[in-house]
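Read off the chains here:
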Amino acid sequence: MASIRPRLLMPEVPALVASHGRATLLTPDGEVLTLTGSHIAEALGEYPPPLLVHAPATARRLDLPRFLDAFDLLELFAFALPAHHAAPTPRGLALALDLPAPEDDEAAAALLPEIASRLLRALADEANSPSGREAAGMAAQLAIAADWPWVPSVLAALGMPDARPSRDAFKPWRRLPDWEEIAPQPPPSSFDVTGADARKRLAEMLGAGAEQRPQQADFASAAAHAFAPRDVEGSPHMVLAEAGTGTGKTLGYIAPASLWAERNGAPVWLSTYTRNLQRQIDQELMQLFPDPEERRAHVAVRKGRENYLCLLNLEEALGQYGLRQMALPLALVARWASATRDGDITGGDFPGWIGELFPPGTLYGLGDRRGECIRSACTHYKKCFVEHSIRRARTARLVVANHALVMVQAALGGGEDGKPTRYVFDEGHHLFDAADAAFSAELNGVETAELRRWLLGAEGGRSRAKGLRARIEELAGDIPELLPPLDLALREARCLPGGGWYARLTEGTPPPEEALTEAFLQAARRQVLARTPEDDGIYTLEVDLQPVVEEVAETGAALGRALQALEAPLKYLCELLAKRLEVPEEEEMEAGERIRLETAMRGIERRALMPLAAWRGMLKQLELPPREAGTRPLMVDWLQLDRREGRDADAGLHRHWLDPTIPFARTVASSAHGLLVTSATLTDAAKRGDPEAAWHEAEARTGALHLPNPAIRAALPSPFDYATNTRTFVVTDVDARQPGPIASAMQQLFLASGGGGLGLFTAIRRLREVQSRIGPALEARGIPLYAQHVDAMDNATLVDIFRAEENSCLLGTDAMRDGVDVPGRALRLLVFDRVPWPRRTILQRERRLFLAGGRPQDYDDTHARHKLRQAFGRLVRRADDKGVFVLLDRACPSRLLAGLPEGVTPQRVTLAEAVARTRELLGTGASSPADDRPG
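Going along each chain's sequence as written, the residues are numbered from 1 onward. Thresholds applied to this predicted model are a pLDDT of at least 70 for local features of residues and 80 or more for the giving and counting of side-chain atom pairs; totals over whole chains, interfaces and linings are not thresholded and use all residues. No hydrogens and no water enter the side-chain calculation; it runs on all heavy atoms of the structure.

## Quick look at the overall build of the protein
No. 1: Helix and strand counts for the protein come out as 35 helices and 23 strands.
No. 2: Using C-alpha atoms as the atom set, the radius of gyration is obtained and then compared with a globule rule of 2.2 Å times the number of residues to the power 0.38. A compact globule built from 935 residues would reach a C-alpha radius of gyration of about 30 Å, and the protein, at 29 Å, matches this within 12%.
No. 3: To sort residues, take the accessible area from a 1.4 Å probe on protein chains only and compare it with the maximum for the residue type: under 20% means buried, over 50% means exposed, and anything in between is partly exposed. The buried share of the protein, taken over its 935 residues, is 57%.
No. 4: Restricting to contacts in the protein with at least 6 residues of sequence separation, those with at least 24 account for 75%.
No. 5: For the accessible areas, the method is Shrake-Rupley and the probe is 1.4 Å, while residue cover comes only from the protein chains on display. As presented, the protein carries roughly 38300 Å² of accessible surface, and 51% of it is formed by carbon and sulfur atoms. Elements are defined by DSSP. Helices are runs of H or I of four residues or more, strands are runs of E of two residues or more, and each kind is numbered from the N terminus. Only heavy atoms matter for contacts: two residues are in contact if any of them lie within 4.5 Å across the pair.

## Regarding the packing of helix H32 (residues 842–850) against helix H33 (residues 856–875)
No. 1: Comment: axis = line fitted to C-alpha atoms, over the contacting stretch for helices; angle = value between 0 and 180 degrees taken between N-to-C directions. Relative to each other, H32 and H33 sit at 115°, their axes nearing to 7 Å. At the point where H32 passes H33, the crossing takes the right-handed sense. For the pair H32 and H33, contact is made by Gln 844, Arg 847, Arg 848 and Leu 849 and by Pro 856, Gln 857, Tyr 859 and Asp 860, respectively.
No. 2: Residues are grouped as follows: Ala, Val, Leu, Ile, Met, Phe, Trp, Tyr, Cys and Pro are nonpolar; Asp, Glu, Lys and Arg are charged; all remaining types, including Gly, are polar. A class-by-class count of the residues in the contact of H32 with H33 yields three nonpolar, two polar and three charged. In this scheme, a crossing is called left-handed if the near helix is turned counterclockwise away from the far one by less than a right angle; it is called right-handed if the turn is clockwise.

## Looking at helix H30 (residues 795–804)
No. 1: Within H30, seven of the 10 residues are buried, which leaves it mostly tucked inside the rest of the structure.
No. 2: Those residues of H30 not exposed but buried are Thr 797, Leu 798, Val 799, Asp 800, Ile 801, Phe 802 and Ala 804.

## Some details on the packing of aromatic side chains
No. 1: Note on ring pairs: Phe, Tyr and Trp rings are taken, using the six-membered ring of Trp, and paired if centres are within 6.5 Å. Classes follow the plane angle, with under 30 degrees stacked, over 60 edge-to-face and the rest tilted. Scanning the model with the defined rule gives 13 aromatic pairs in all.
No. 2: Ring centres of Trp 179 and Tyr 381 lie 5.3 Å apart, and the angle between their planes is 85°; on these two criteria the pair is classed as edge-to-face. Of the two residues, Trp 179 sits in the loop between helix H7 (151–157) and helix H8 (195–206) while Tyr 381 sits in the loop between helix H14 (324–339) and helix H15 (385–395), which places them 202 residues apart along the sequence. In this structure, Trp 179 and Tyr 381 share a single accessibility class: buried.
No. 3: With 6.5 Å between their ring centres and 35° between their planes, Phe 227 and Trp 260 make a pair best called tilted. Taken together, the positions of Phe 227 in the loop between helix H9 (214–223) and strand S6 (237–243) and Trp 260 in helix H10 (residues 249–264) put the pair 33 residues apart, joining distant regions of the chain. Here Phe 227 and Trp 260 have matching classes, each one buried.
No. 4: Members of the aromatic cluster, connected to one another through ring pairs, are Phe 720, Tyr 722, Phe 832, Phe 872 and Phe 885.
No. 5: Only Lys NZ and Arg CZ are tested; either one counts as a charge over a ring when it is within 6 Å of the ring centre and within 35 degrees of the ring normal. Sitting above the plane of the Trp 179 ring, Arg 391 keeps its charged end 3.6 Å from the centroid.
No. 6: Between Arg 701 and the ring centre of Phe 432, over which it is positioned, the NZ or CZ distance is 4.4 Å.

## Some thoughts on the packing of H9 against H10
No. 1: The interhelical angle for the contact between H9 and H10, taken along N-to-C directions, is 40°, at an axis separation of 8 Å. As summarised for this structure, H9 and H10 are arranged oblique, according to the angle between their axes. Crossing geometry of H9 relative to H10 is assigned as right-handed. Across from Gln 216, Phe 219, Ala 220 and Ala 223 in H9, the residues of H10 making contact are Lys 249, Leu 251, Gly 252, Tyr 253 and Pro 256. Should an angle lie under 35 degrees it is considered roughly parallel, over 145 roughly antiparallel, and from 65 to 115 roughly perpendicular; all remaining angles are considered oblique.

## Some points on the sheet that holds strand S20 (residues 809–812)
No. 1: The strand order S19-S20-S18-S21-S22-S17-S23 describes an open sheet built from seven strands, whose pairing is parallel. Every interior strand has two partners, whereas the edge strands, strand S19 (785–787) and strand S23 (907–909), have only one. Ignoring which end each strand starts from, the neighbouring axes of this sheet average 20° apart.
No. 2: Relative to S23, strand S17 (residues 726–731) runs parallel, the two sharing three bridges. Residue Val 731 lies in a different strand from S23, and its bridge partner there is Val 909.
No. 3: Contacting strand S18 (757–760), S19, S20, strand S21 (829–832) and strand S22 (883–887), helix H28 (residues 739–753) runs over the sheet at an angle of about 170° to S21. Only strands joined by at least two bridges in the DSSP assignment are considered to pair.

## A few points about the pairing of strand S2 (residues 22–26)
No. 1: Here S2 lies mainly inside the structure; four of its five residues are buried.
No. 2: Count of turn residues in the strand S1 (residues 15–19)/S2 antiparallel hairpin: two residues, of which Gly 21 carries a positive phi of about 70°.
No. 3: The pairing of S2 with strand S3 (residues 32–36) spans five bridges and is antiparallel. Note that in S3 the partner of Leu 25 across the bridge is Leu 33.
No. 4: Hairpin connection of S2 to S3: five residues between the antiparallel strands, including Gly 30 at a positive phi of 90°.

## Notes on the confidence of the model for the protein
No. 1: In this model, the protein carries an average pLDDT of 90, and 95% of its residues clear a pLDDT of 70 or more.
No. 2: For every residue, the predictor states its confidence as a pLDDT score lying anywhere from 0 to 100. Across residues 1–8, confidence stays below pLDDT 50; counting only partners more than four residues off in sequence or on other chains, it has 18 contacts.

## A closer look at the sheet that holds strand S14 (residues 647–657)
No. 1: Taken together, the four strands give an open sheet; going across it, the order is S11-S14-S13-S12, and neighbouring strands pair in antiparallel fashion. Each edge of the open sheet is held by one strand with a lone partner, namely strand S11 (441–444) and strand S12 (541–544). Recorded for the sheet is a direction-independent mean angle of 25° between the axes of neighbouring strands.
No. 2: As paired strands, strand S13 (residues 635–644) and S14 are joined by 10 bridges and run antiparallel to one another.

## Description of the environment of Glu 567
No. 1: By secondary structure assignment, the location of Glu 567 is in helix H23 (residues 550–581).
No. 2: Separated by 318 residues in sequence, Glu 567 and Phe 885 have C-alpha atoms that sit 55 Å apart.
No. 3: When near neighbours in sequence (up to four residues on either side) are disregarded, Glu 567 contacts Leu 609, Leu 612, Ala 613 and Arg 616.
No. 4: Any pair of N or O atoms that falls within 3.5 Å is considered a polar contact. Within protein, one atom must be able to donate a hydrogen and the other to accept it, and sequence-neighbouring residues count only if both atoms are side-chain atoms. A distance of 2.6 Å separates polar atoms of two side chains, one belonging to Glu 567 and the other to Arg 616.

## Examining H8
Given 3.6 residues to a turn, an α-helix orients residues that are three or four positions apart in the same direction.
No. 1: Under the 1.5 Å per step criterion, the end-to-end length of H8 is 17 Å for 12 residues, consistent within 8% with the ideal 16 Å.
No. 2: Along H8, the residues classified as buried are Gly 195, Ala 198, Arg 201, Leu 202 and Met 205. The arc enclosing the buried residues of H8, seen along the axis, measures out at 125°, which places them on a common side. Looking at H8, the residues exposed on the side facing more than 90 degrees away from the buried face are Ala 196 and Lys 200.
No. 3: Gly 207, located one to two residues past H8, shows a positive phi value of around 90°. To estimate the expected span of a helix, count its residues, drop one, and scale the result by 1.5 Å. This arc is taken over the directions from the axis of the helix to the C-beta atoms.

## A few points about the pattern of salt bridges
If the charged atoms of two oppositely charged side chains come close together, the side chains can form a pair.
No. 1: By convention in these notes, a salt bridge is any Lys or Arg side-chain nitrogen within 4 Å of a carboxyl oxygen on Asp or Glu. Under the criterion given, the structure shown has 49 salt bridges.
No. 2: The salt bridge involving Asp 487 is made with Arg 469; its shortest N-O contact spans 2.1 Å. Highlighted residues: Asp 487 in helix H20 (residues 483–492) and Arg 469 in helix H19 (residues 467–476), separated in sequence by 18 residues.
No. 3: Using a relative accessible area of 27% as the deciding quantity, one classes Asp 487 as partly exposed.
No. 4: The residue Asp 814 makes a salt bridge to Lys 867 at a minimum N-O spacing of 2.9 Å.

## Re the pairing of strand S7 (residues 268–272)
Here is the key point about a regular strand: its side chains alternate between the two faces of the sheet.
No. 1: Counted residue by residue, S7 has five buried out of five residues, so it is predominantly covered.
No. 2: Burial along S7 is two-sided: the residues Val 268, Leu 270 and Thr 272 and Trp 269 and Ser 271 are all buried.

## A short note on the nonpolar core
No. 1: Here the nonpolar core consists of buried residues drawn from Ala, Val, Leu, Ile, Met, Phe, Trp, Tyr and Cys, with membership extended through side-chain atoms lying within 4.5 Å. Core analysis: the biggest nonpolar cluster contains 76 residues, and Leu 73, Phe 79, Leu 142 and Leu 309 have the highest contact counts within it.
No. 2: The element best represented in this core is H14, accounting for 10 residues.
No. 3: Among residues more than four places away in sequence, those in contact with Leu 142 are Phe 79, Asp 147, Trp 148, Val 151, Phe 170, Ala 327, Leu 328 and Ala 331.
No. 4: Counting residues in hydrophobic clusters, the runner-up holds 54 residues, among them Leu 443, Leu 541, Ala 600 and Trp 615.

## What to know about unusual backbone geometry
No. 1: The step from Gln 546 to Pro 547 runs through a cis peptide bond, and the omega angle for that step is -5°.
No. 2: Residue His 54 is not a glycine yet carries a positive backbone phi of 65°.
No. 3: Turning to its location among the elements, His 54 is positioned in the loop between strand S4 (51–52) and helix H2 (55–61).
No. 4: A relative accessible area of 1% means that His 54 is categorised as buried.
No. 5: At His 789, a residue that is not glycine, the phi angle is positive and equals roughly 70°.

## Regarding the state of the cysteines
Two cysteines whose sulfur atoms are joined by a covalent bond form what is called a disulfide.
No. 1: Cysteine sulfur atoms that come within 2.5 Å of each other are treated as a disulfide pair. Applying the stated criterion across every chain, the model contains zero disulfides.
No. 2: Cys 378 supplies the cysteine sulfur nearest to Cys 310, a cysteine that is in no disulfide, at a spacing of 6.1 Å.
No. 3: According to the relative accessible area criterion, Cys 310 is buried, its value standing at 17%.

Encoded structure:
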């Protein structure tokens, strides 16, 4: 073992790999120890700090205090290979470094020193380069600021053991390129793309030796109809294309989209629901643009500002880097910022696990999460990652975006990117939910307090939130006529919640006299508590707004007047700024000054005037009489008391469209020339016998019914042989109401599959209980168990681990179902604890009454069928995949299973039968009954 340790680069330390309650320790002498219980801490106390992967997760699995001085290989990986991807496990690091993947914990522990050696060699390759010298200066600085244990090894690898500390190494903006402004793009041409054109482009992308998929070519041909020239204003060509799993729809729509963009000189926006799929689409585009530089020139990834590293936030955070807990994370971010492709800190090439290595919230403020961006007044404006992405999108052929950004940009009249004329909406079954989120409004403590903070600044805290006065001064300069309306607006802003509002709300303490928002929120909380049918003190509560309690009506009316008084001077402020822009031709304004004035005006409109108008409209509902039973509203309003971990967190008034595809059709679809909406689950497969009904529902959930032209429909079946390669079971002898039987069933099924199992839960509390019961027993059998809401990792990181660790299992809730794309054996078993019925909320009640054609149960059934079908689609991703789909809820009606793909025959069996037949299909062999005994 000593022969593989780089003695000149790394000290002799033990290597540690953890399972639940069990540790494998490779001592510096090469001895392998397997430790449990109190022996773990005792043994670790005898050696120097260990070499490990993911110190916080390791400590939690071993029930130990946080490691303070461990040699965490993830820290070294992020420093040595910034902007590279790896799952944060020994196996994940091995795969990223082209090392043989370890089969068990002992092999993993033996491999950790070699992983360290590979990473240090990567640093050695930087020696004598500018980046290497900066890395050495940063490491030397970390020796002072953070006492980072890797410093001597890093400096030795770089060949600069006596490097001088450098604060400048922490400033990546010194090395980033400026973006260049370009002339406005000319209007697009109107050349057509035919089905034959799309098929030809697809064949070119795939190459001569590619597998022939007739359905993929048919899909590309159908998708081409979305790129025909529009004939009538407000009447886009809309194509609804349902493409079964395995069709290859991503490349299928890239073919006509890329061809249209190339011919017409304008981008096509490819939008999806999740960040994971954004990344996958970006990777698929390598088929079209294999050269990285060409791909960068023709493809742009766009997300909201909050997703990108803000260089000004980083600069201000560096003011705290002398604190031990801040220096290292900021150093890793700075290293990444110098190497990143696009500055995206929520996906792309930023390792999602970096933030998990440090205390919660350490890196939270590095994105513009509070709308504080000062645009052209920022000292880093010319290097800003967001501004770079906006300008790349203007000249790109394909823009990979997400539904949320598309909706918000449309609501803002096009936003920073303008309005595209062609869209592809992948994961189209989520359009309804995305529109619901984008076109809803909340008047609660968090939202209103954020507006006060934006207007008045931090009011005593350590923050860059300088407030509107400082923002106006930075952008517009000293303009005397702006001061009176500005001062008035800032005085009126004191009607919004101030410091301590959260404690006053939850404790019922009277708010300050001017804090009219807090008075309304407290009244709303009391109405919720008074009218809630049952309150277990844990879950969020909702009640109807009408009939309104007198206190809510009175405080709401007072708040409405206060918000109007705040809105008036802000509007006048925007008018004055607009007049400043109206200069005579002979006094032409400099471009920089115009941009700053427009930024100031746009910020006030979007950050203040838009929410104020929405809130005042909501409060006006308090003055109206209750609607009569059976009438159909356009909007649904209710009062809500939010809870987190069983504690009151916020209260407020909520408003949603009953049918959010109405604003989607008005603001997004009608202004486009063509839209392709595609998914594997657009229609309700249970209605195969009535295709018209199935398509009508798809049109209703995508907004097609609100457009003048009928949508073009296309359906391409999956090429997979589900009858041969899958099994679907409803277990009849498990009580799904109790966590004990669910835990026992999942453990037996996960053991039967040999891992590769995804357990989906309808409640977080039940997930946690099951995880605590089965985790140690599974890990004792060599099956690592990871869990959302338990492990200190975000969903993307957990999925990366699940994909890399072929025999691991993962527990998650609904959000995990949407984010999993794991082809191959890594996902071979999917288990639902219960039928995923829609949550019982006021919004769900109103929609099931008015959107289900008089048959409310159909609304619930369709919702559950879609979720089951979408989850089933995660199970088989390639033609040779095999998978088992299990539902532990014996009360599941057969009508819900009719929505699964053709060829799937659900069977009701006992748990013992499901276990045996799982082993049979997946080839995991037989074991004795004792092997499957629950832990």
